Amino acid sequence: MKNILIFGGAGYIGSCATKHFLDNGYNCIVADNLIYGHKEAVDMRAKFIHADLLDLNSLKDIFKNNKIDGVVHFAAFAYVGESVANPQKYYQNNVVGTINLLNTMLDFDVKKIIFSSTCATYGEPQYTPINEQHPQNPINAYGRTKLMIEQIFSDYEKAYGLQHISLRYFNAAGAMGNIGESHEPETHLIPLVLKAIKGDIEYISIFGNDYDTPDRTCIRDYIHIEDLANAHRLAYEKLGDYNGCINLGTGIGTSVKEIIKAAELVSGKKCPIKYAPRRAGDPARLFADNQKAKKILGWEIKYSDIKDILQTAWEWENNRRY
Ligand code: UDP
């Protein structure tokens, strides 16, 4: 039960989850193609395998050569804009890659999977907070790839007895000690705000200050990666009792301006800003109804204050290794 394969375990959330599983007595094999992942982020206690979901032979070798009881699957391309410009890349990697993984799992009689899904599967919110019953109408190819995979899981459950939980993340944030957020290119709000404060970039662009929100900037639900990591383990331990989808967010909405203010408080420095036009496809507000995660997983959130989340990100930003 305790031997897990973490695919995409060199990425931001995957590397944090790997550390958390290891700390809780699991044996972890991390597989990653290192296109966006960082080898330095992988905990030394895990066995690392350089592998790609599109290479069926190397996938088979992983299952042939290692004892694997279940899979935690993070490996995906996740740039929304790129998914619209180059959907082929996203359907191939995210959807075909996951089908390869599932079919290999079944060949080796491995039937447990935890999957990184996203609130992007909901598309434009019809109401907030967003619960799992909210209609799923993704507005970009990235969100559609994740929705398709959720649907494939249901069919594989009925036909082959797959045990699956898809975790729909809201905005992952913060750092766990010496592992943190590092994307190339970086597009996410919190790392860019911290870079602007440090002077690594000239300013942060606030995308839109004409939204129908109290301070006119977009509201998101920032969930600390340690809380995300913990939810993955709780979900893995629920496999067999529950199949389906669960939101992971704090349930608290924080605006772009509130993030900037919290970052200024934590760092004690001013953040240079510029107002810019809205970014295409950004809804005004997105935050989670997380009752299901609490009820089914017994999930408790450790980081509910955005300043505490930013504190961990700020410490990481000042001591980053990659
Ligand atoms: N955002 C911004 N400036 C930036 C990057 C992001 O104003 O340089 C805003 C973005 O419009 C959104 C929020 O910050 O409302 C979070 O964006 P991010 O890209 O971090 O995550 P997303 O919500 O798109 O997954």
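Higher on the page you've got the structure.
Residues numbered from 1 in each chain as written. Predicted model: local features only at pLDDT ≥ 70, side-chain atom pairs only at ≥ 80, totals over all residues. Heavy atoms only, no water.

*Asks:* I keep staring at the sheet that holds strand β3 (residues 47-50) and nothing clicks. Help me out?
*Replies:* Remark on secondary structure: sheet strands pair via backbone hydrogen bonds, oriented parallel or antiparallel. Pairing in this open sheet of seven strands is parallel, and the strands run β3-β2-β1-β4-β5-β6-β11 from one edge to the other. Since the sheet does not close on itself, it has two edges, and those belong to β3 and β11 (244-248), each with one partner. Between one strand axis and the next, the sheet turns by 20 degrees as a mean value, whatever way the strands run. As judged from the five bridges shared by strand β1 (residues 3-7) and strand β2 (residues 27-32), these two strands associate in the parallel manner. Bridged to Ile 6 within β2 is Val 30. Against the sheet, helix α2 (residues 56-65) contacts β1, β2, β3 and β4 (70-73), and its axis sits at roughly 160 degrees relative to β1. (Pairing = 2+ DSSP bridges. Helix = DSSP H or I, 4+ residues; strand = E, 2+ residues; numbered from the N terminus. Axes fitted to C-alpha atoms, helices over the stretch in contact; angles between N-to-C directions. Contact = heavy atoms within 4.5 Å.)

*Asks:* Honestly, helix α7 (residues 225-238) in this entry has me stumped. Any pointers?
*Replies:* Because each turn of an α-helix spans 3.6 residues, side chains separated by three or four positions in sequence point in the same direction. Spanning 14 residues, α7 covers 20 Å between terminal C-alpha atoms, matching the ideal 20 Å at 1.5 Å per step. With eleven of its 14 residues buried, α7 lies for the most part within the structure. Of the residues making up α7, those classed as buried are Ile 225, Asp 227, Leu 228, Ala 229, Asn 230, Ala 231, His 232, Arg 233, Leu 234, Ala 235 and Tyr 236. Downstream of α7 by a residue or two, Gly 240 has a phi angle that is positive, lying close to 105 degrees. (Expected span 1.5 Å × (residues − 1). Buried < 20%, exposed > 50% of the residue type's maximum accessible area, 1.4 Å probe, protein only.)

*Asks:* Could you clarify how one ought to interpret the pattern of salt bridges in this entry?
*Replies:* Once the charged atoms of two side chains with opposite charge are near each other, the side chains can pair. Per the stated rule, a full pass over the model turns up 18 salt bridges. Here Lys 195 ties to Glu 317 by a salt bridge, and the two come within 3.2 Å at their closest N and O atoms. With a gap of 122 residues between them, Lys 195 in helix α6 (residues 189-198) and Glu 317 in helix α10 (residues 306-318) connect regions that are remote in the sequence. Take Lys 195 and Glu 317: they sit in the same class, and that class is buried. With a shortest N-O distance of 2.9 Å, Asp 210 and Arg 278 are connected by a salt bridge. Linking Asp 210 in the loop between β8 (204-207) and β9 (219-220) with Arg 278 in the loop between β13 (273-276) and α9 (291-297), this pair joins segments that are 68 residues apart in sequence. Given the relative accessible area of 46%, Arg 278 is considered partly exposed. The network of salt bridges with common partners includes Lys 19, Asp 23, Asp 43 and Arg 45. (Salt bridge = Lys/Arg side-chain N within 4 Å of Asp/Glu carboxyl O.)

*Asks:* Help me out: how do you make sense of the site of the ligand in this one?
*Replies:* Taken together, 15 residues sit near the ligand, with Asn 171, Leu 189, Ser 205, Arg 279 and Asp 282 positioned nearest. Phe 207 has a polar backbone atom sitting 2.9 Å from an oxygen atom of the ligand. Here an oxygen atom of the ligand sits 2.5 Å away from a polar atom, N or O, in the side chain of Asp 282. Against a free-state accessible area of 510 Å², the protein chains account for coverage of 86% of the ligand. Elements supplying a minimum of two residues to the shell around the ligand: α6 and β8. Considering each element in turn, the shell around the ligand owes the most residues, four residues, to β8. (Near = heavy atom within 4 Å. Polar contact = N/O pair within 3.5 Å; in protein donor to acceptor, adjacent residues only side chain to side chain. Areas by Shrake-Rupley, 256 points an atom, 1.4 Å probe, with all protein chains shown as cover.)

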